[in-house]
Amino acid sequence: MQQAAIGIDLGGTNLKGLVMEKSGKGRHLTRIATEAHKGGGQVLNNIVQLIEKLIAQEGSKEHLLGIGIGTPGFVSDDGVVSGAENLSGWKGTQIYSPIVKHFELPAIAANDVTVMALAEAKYGAGRGIRNMVCYALGTGIGGGIVIDYKLYKGSHGMAGELGHIPVETNGLPCNCGQTGCVERYASATGIVAMAKTMAAQYTGSDMQPFVNFIRSNPDALTSKIVYEYMAKGDPLACAVNEGACDMLARAVGMTINALSPDRVVLGGGVMSAGRIIIDTVKKYLPRYSMPQILEKCAIVAAELGEDAGVIGAAAMAFEEFDGKKK
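In what follows, the accompanying structure is described.

Reading the values: rules and limits
Residues numbered from 1 in each chain as written. Predicted model: local features only at pLDDT ≥ 70, side-chain atom pairs only at ≥ 80, totals over all residues. Heavy atoms only, no water. Core = buried A, V, L, I, M, F, W, Y, C linked by side-chain atoms within 4.5 Å. Buried < 20%, exposed > 50% of the residue type's maximum accessible area, 1.4 Å probe, protein only. Helix = DSSP H or I, 4+ residues; strand = E, 2+ residues; numbered from the N terminus. Contact = heavy atoms within 4.5 Å. Pairing = 2+ DSSP bridges. Axes fitted to C-alpha atoms, helices over the stretch in contact; angles between N-to-C directions. Salt bridge = Lys/Arg side-chain N within 4 Å of Asp/Glu carboxyl O. Phe/Tyr/Trp six-rings, centres within 6.5 Å; stacked < 30°, edge-to-face > 60°. Parallel < 35°, antiparallel > 145°, perpendicular 65-115°, else oblique. Nonpolar A, V, L, I, M, F, W, Y, C, P; charged D, E, K, R; others polar.

1. Details of the nonpolar core
If you look at the biggest cluster of nonpolar residues, it comprises 61 residues, and the most contacted ones within it are I8, I67, W90 and I99. Ranked by the residues each element gives to this core, the list is headed by helix α11 (residues 308-321), at nine residues. Core analysis: the next-biggest nonpolar cluster, separate from the first, contains 51 residues, A188, I191, A244 and V252 among them.

2. A few points about the environment of A188
By the element assignment, A188 lies in helix α5 (residues 188-201). Residues A188 and T222, spaced 34 residues apart in sequence, show a C-alpha to C-alpha distance of 7.2 Å. Excluding anything up to four places from it in sequence, A188 contacts G138, T139, S223 and V270.

3. Quick notes on the sheet that holds strand β7 (residues 107-111)
Spatially, five strands are ordered β3-β2-β1-β4-β7 in an open sheet, and the strand pairing comes out mixed. Taken across any chain shown, the strands that pair with only one partner, and hence form the sheet edges, are β3 (26-33) and β7. In this sheet, adjacent strand axes meet at a mean angle of 15° when their direction is disregarded. Of the pairings in the sheet, the one linking strand β1 (residues 4-10) to strand β2 (residues 14-21) comprises seven bridges and is antiparallel in character. In the sheet register, A5 faces β2, and the bridge partner there is M20. In the packing of helix α2 (residues 96-103) onto the sheet, the strands contacted are β4 (64-71) and β7, and the crossing angle to β7 comes to about 150°. Taken strand by strand, α11 contacts β1, β2, β3, β4 and β7, and its axis lies near 130° from that of β4.

4. Some points on the pattern of salt bridges
For the coordinates displayed, the defined rule picks out 14 salt bridges. Between R27 and E58 there is a salt bridge; the shortest N-O distance is 2.7 Å. One end of the pair, R27, is in strand β3; the other, E58, is in helix α1 (residues 40-58), and 31 residues separate them in sequence. Classification of E58 as buried rests on a relative accessible area of 10%. Among the ionic pairs, D148 bridges to R130, the shortest N-O distance being 2.6 Å. With D148 in the loop between β9 (141-147) and β10 (150-152) and R130 in the loop between α3 (112-123) and β8 (132-137), the pair connects residues that are 18 residues apart, well separated along the chain. Taking the relative accessible area as the measure of exposure, D148 reaches 41% and is therefore partly exposed. Exposure remark for R130: the relative accessible area of 44% places this residue in the partly exposed category. Here the residues in one salt-bridge network are E21, R27 and E58, joined through shared partners.

5. Details of the packing of aromatic side chains
For the structure on display, the rule yields two aromatic pairs. When the ring of F213 is compared with that of Y229, the centres are 5.8 Å apart and the planes differ by 45°; the resulting orientation is tilted. Of the two residues, F213 sits in helix α6 (residues 209-216) while Y229 sits in helix α7 (residues 223-231), which places them 16 residues apart along the sequence. For Y229, a relative accessible area of 15% corresponds to the buried category. Every member of this aromatic cluster is reached through a ring pair, and the members are F210, F213 and Y229.

6. Considerations on the side chain of T114
Inspection of the secondary structure puts T114 in helix α3. Discounting residues that sit within four places of it in the chain, T114 has contacts with G143, G144, L151, K153 and A159.

7. Some thoughts on the pairing of β1
Counting buried residues in β1 gives seven out of seven residues, a clear majority hidden from the surface. Both faces of β1 are covered, namely the face carrying A4, I6, I8 and L10 and the face carrying A5, G7 and D9. Here β1 runs beside β4; their pairing, made up of five bridges, is parallel. Across the sheet, the residue bridging to I8 is I69, located in β4.

8. Some thoughts on the packing of α5 against α6
Geometrically, a packed helix pair is captured by the angle between its two axes and the distance between the axes. One way to put it is that α5 packs onto α6 with a least axis distance of 9 Å and a crossing angle of 105°. Overall, the two elements α5 and α6 adopt an arrangement that is roughly perpendicular. When α5 is examined against α6, the residues A195, K196, A199 and A200 are found in contact with a partner set consisting of F210, V211, I214 and R215.

9. Notes on the packing of α3 against α11
Close contact between α3 and α11 brings their axes to 7 Å; oriented N to C, the two are set at 80°. Comparing their axes, α11 and α3 come out roughly perpendicular. Across the interface between the two elements, V115, M116, L118, A119, E120, K122 and Y123 of α3 pack against A308, G309, I311, G312, A313, A315, M316 and E319 of α11. Of the residues contributing to the contact of α3 with α11, the split by class is ten nonpolar, two polar and three charged.

By themselves, these observations are geometric and do not establish any function.
The following block contains the structure:
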């Protein structure tokens, strides 16, 4: 059989796995519950169970070169998870040893957004691009860096924390301990918070529909609703988009100045708003990036959608183990 790798994407609600060939052709896409509320041990057991299902569907593991896993948080060189605060008990879990021992296959793990960036680099919006940076705009903001066609994880596996680039001096406090992180302004959570703040500060005599919606239904507000009102031309929703994209452009501009990538890819759930985010970010970018560098960098939308994580995890296994003995 054609050589293949297993990719696992660890989410707060579901685990997703597939078997993928180096060409990017995948099969046996399977989902099971993460059961994070039962602790890290149960999560690890469920990962093992998912891998067993995938191998059973393959009928053999002889052609499998390894297992790649995308996880929240960071993974040390010896396979211990850190920083995954939203998954109860997952922090401190040793990933590699139990999986390698159980399956007799090599395993590699990295931050879930980092592997999403690798997927876009290999098979999506960055394919064929030598140097690329990816921002994932979701509940928070994650990132990934690809240099010379290879995933860059840094000296300690922690590179790519692009959501924690400070974009405002003495700005909003962030859970990471810094202030003014771009995540506090341009993530889905940040966009909602900005809209609520603007609505609370609105003093106009005419009650705009969006202001009225926010004041009447504050807990129902999502970034998707913000962009639905923006599509209708609502002034407050448009102002929120301008504010969020200005802040995002600051972070992207710093990234471009520092790394001079060929391409910046914007993905994640917030990007379901469509072209408007890219267009607005590009409007502000000249303020925050050197023109000689910016003119050589394209800003594009991600292509792979919700399967980018699991595809990237399998791609990471190929990157790590292809050509090596098991």
